[in-house]
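Residues per chain, in single letters:
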Amino acid sequence: MLSAFAQAFRTPDLRRKLLFTLFIMAVFRLGSFIPTPGVNSTAIQACIAQQNEASLLDLVNIFSGGALLQLSVFALGIMPYITASIIIQLLRVVIPRFDDLHKEGQSGQAKLTQYTRYLTIFLGVLQSTTTISLARSGQLFAGCNQEVIKDRSVLTFLMMIVVMMAGTGVIMWLGELITERGIGNGMSLLIFTSIVAQFPSNMFSIAGGNNGAANFAIIVAVVLLATLAVVYIEQAQRRIPVQYAKRMIGRRQYGGSTTYIPVKINTAGVIPVIFASSILAMPQLIAGFGNQASKWVQWILTNLQQTSPIYLTAYGVLILFFAFFYTAITFDAEEIADNMKRYGGFIPGIRAGEPTVRYLSYVINRITTAGSIYLVVLALIPTLAVIWLDLAQHLPFGGTTILIMVGVGLQTVKEVNSQLQQRHYEGFLS
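Report follows, based on the coordinates. Quick caveat, the model's predicted, so the values are computed rather than measured. (Residues numbered from 1 in each chain as written. Predicted model: local features only at pLDDT ≥ 70, side-chain atom pairs only at ≥ 80, totals over all residues. Heavy atoms only, no water.)

In this section: the sheet that holds strand S5 (residues 345–346). Taking strand neighbours across the sheet as the criterion, the three strands line up as S4-S1-S5 in an open arrangement whose pairing is antiparallel. Since the sheet does not close on itself, it has two edges, and those belong to strand S4 (258–264) and S5, each with one partner. Here seven bridges tie strand S1 (residues 237–244) to S4, and the two strands are oriented antiparallel to one another. Within S4, the residue paired with isoleucine 240 across the bridge is isoleucine 261. (Pairing = 2+ DSSP bridges. Helix = DSSP H or I, 4+ residues; strand = E, 2+ residues; numbered from the N terminus.)

Here is the structure:
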């Protein structure tokens with residue numbers, strides 16, 4: 001691997017891409033430390049130091065590299081873009097126009113990308129308004145009496161919203177720059193950067209606590225085992241064989257080849273976990289604005305904590321549901337069967353048409369069952385570790401973060417490896 005890195009940096013165009021990617025990632029991290037105008041940085045650092053309990057905004061804070069709780073200009077991170085992308089994909093089922101654009105190829109994808117950008121800005125305004133309101137009301141940091149925003153004027157409030165919204169636009173632009181001029185998928189690499197930046201310091205904070213050495217060793221072992229499981233499952237595929245019949249077009253013969261349809265075990269990726277976390281965070285968010293003495297607020301705060309049995313059960317059920325739901329949207333068995341029939345392809349032993357649709361649906365349902373169970377186990381690892389080890393603080397990692405780190409790392413290594421092989425160099429995966 002080290003020799004492959006050396007070969008990559010010896011290649012001028014590949015070196016420029018790698019250095020450009022690293023530069024954009026450094027700019028992204030720098031923006032995470034620049035405070036939004038009107039924020040009391042000293043008070044925020046004091047509140048973060050007192051923060052031991054898991055927050056309802058933990059997932060967003062992880063994806064922003066800790067910038068959310070610091071209320072920096074990049075506080076919202078990449079989450080508005082992720083949410084907008086998911087919503088646009090889901091709207092393909094509801095709005096036929098979006099589905100038609102998806103099938104139009106590059107021009108249609110460009111139009112959908114433009115819609116995603118508009119929706120990202122709208123969600124950035126919505127989320128920045130919510131975050132600033134939580135900070136002003138004291139709900140962003142539970143148990144902290146510091147005044148993180150001293151100036152409560154409307155002008156300051158609007159200025160903070162504009163700055164955070166602009167930060168979201170800049171992050172979106174940085175991600176697209178990496179995709180166009182760098183190595184790998186820009187948005188994925190920015191998420192990867194946010195997660196990795198926090199990981200070492202948070203791990204060492206566990207080592208400094210009570211019974212720190214033993215807990216640190218156990219957590220490292222859990223992370224390594226989870227990483228091995230993610231690598232194994234994310235690389236695994238179910239290959240459905242497809243045979244193409246021979247056809248004569250003019251004087252040329254086409255077809256007669258054998259290929260396969262690769263189906264990943266975890267087709268939905270981390271999207272079911274993100275959806276489930278977002279839905280379960282909503283009741284806690286609403287309860288934060290309610291009367292803390294009310295019975296319904298107390299019930300939510302008691303039974304929807306991340307370590308409660310009701311929360312864990314609902315979390316697992318929602319992940320299972322969204323895994324099947326999102327896979328059904330992205331993997332259209334009827335469309336695949338129609339394309340195979342149009343080009344003379346068929347699955348050996350299965351008749352073309354409706355039998356092929358039923359067979360593909362049967363296979364994808366079985367694979368999704370295994371993939372959804374894998375996601376549930378992976379997502380519950382941090383919470384179960386907190387309960388088992390009786391940690392005072394929440395873990396600095398989760399199954400989702402491990403899945404993202406390993407998945408993005410593998411994909412980036414593959415892309416670098418493919419470019420090295422094009423230049424007749426030995427790659428990472430040899």
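Attention now goes to the side chain of threonine 131. Looking at where threonine 131 falls in the secondary structure, it is placed in helix H8 (residues 106–137). Of note is the side chain of threonine 131, whose polar atom sits 2.8 Å from the backbone oxygen of glutamine 127. Leaving out residues up to four positions away in the same chain, threonine 131 has contacts with Leu68, Leu71 and Leu76. (Polar contact = N/O pair within 3.5 Å; in protein donor to acceptor, adjacent residues only side chain to side chain. Contact = heavy atoms within 4.5 Å.)

With that out of the way, let us pick up the environment of glutamine 419. In this structure, glutamine 419 sits in helix H17 (residues 399–422). Separated by 405 residues in the primary sequence, glutamine 419 and leucine 14 have C-alpha atoms spaced 8.0 Å apart. With near-sequence residues (within four places) excluded, glutamine 419 lies in contact with Leu14, Lys17 and Ile183.

Turning our eyes to something else, we now look at the packing of helix H6 (residues 79–94) against H8. Two numbers describe a pair of packed helices, the interaxial angle and the distance between the axes. As a packed pair, H6 and H8 sit with axes 8 Å apart at the nearest point and diverge in direction by 130 degrees. Judged by the inter-axis angle, H6 sits oblique to H8. Crossing angle aside, the handedness with which H6 passes H8 is right-handed. On H8, the residues touching Met79, Pro80, Tyr81, Thr83, Ala84, Ser85, Ile87 and Ile88 of H6 are Leu112, Tyr115, Thr116, Leu119, Thr120, Leu123, Gly124 and Gln127. Looking at the contact of H6 with H8, its residues break down into ten nonpolar, six polar and no charged. (Axes fitted to C-alpha atoms, helices over the stretch in contact; angles between N-to-C directions. Parallel < 35°, antiparallel > 145°, perpendicular 65-115°, else oblique. Left-handed = near helix turned anticlockwise from the far one by under 90°. Nonpolar A, V, L, I, M, F, W, Y, C, P; charged D, E, K, R; others polar.)

With that settled, consider the pattern of salt bridges. Taken as a whole, this structure holds three salt bridges when the rule is applied. Note that glutamate 176 and arginine 117 form a salt bridge whose closest N and O atoms lie 2.9 Å from each other. Of this pair, glutamate 176 sits in helix H9 (residues 154–181) while arginine 117 sits in helix H8; the two residues are 59 residues apart in sequence, bridging distant segments of the chain. Judged by its relative accessible area of 27%, arginine 117 is partly exposed. For glutamate 234, the salt bridge is made with lysine 264, and the minimal N-O distance between the two is 3.3 Å. With glutamate 234 in helix H11 (residues 212–235) and lysine 264 in strand S4, this pair connects stretches of sequence that are 30 residues apart. By relative accessible area, lysine 264 is classed as partly exposed at 37%. (Salt bridge = Lys/Arg side-chain N within 4 Å of Asp/Glu carboxyl O. Buried < 20%, exposed > 50% of the residue type's maximum accessible area, 1.4 Å probe, protein only.)

In short, shape yes, function no, at least from these values alone.
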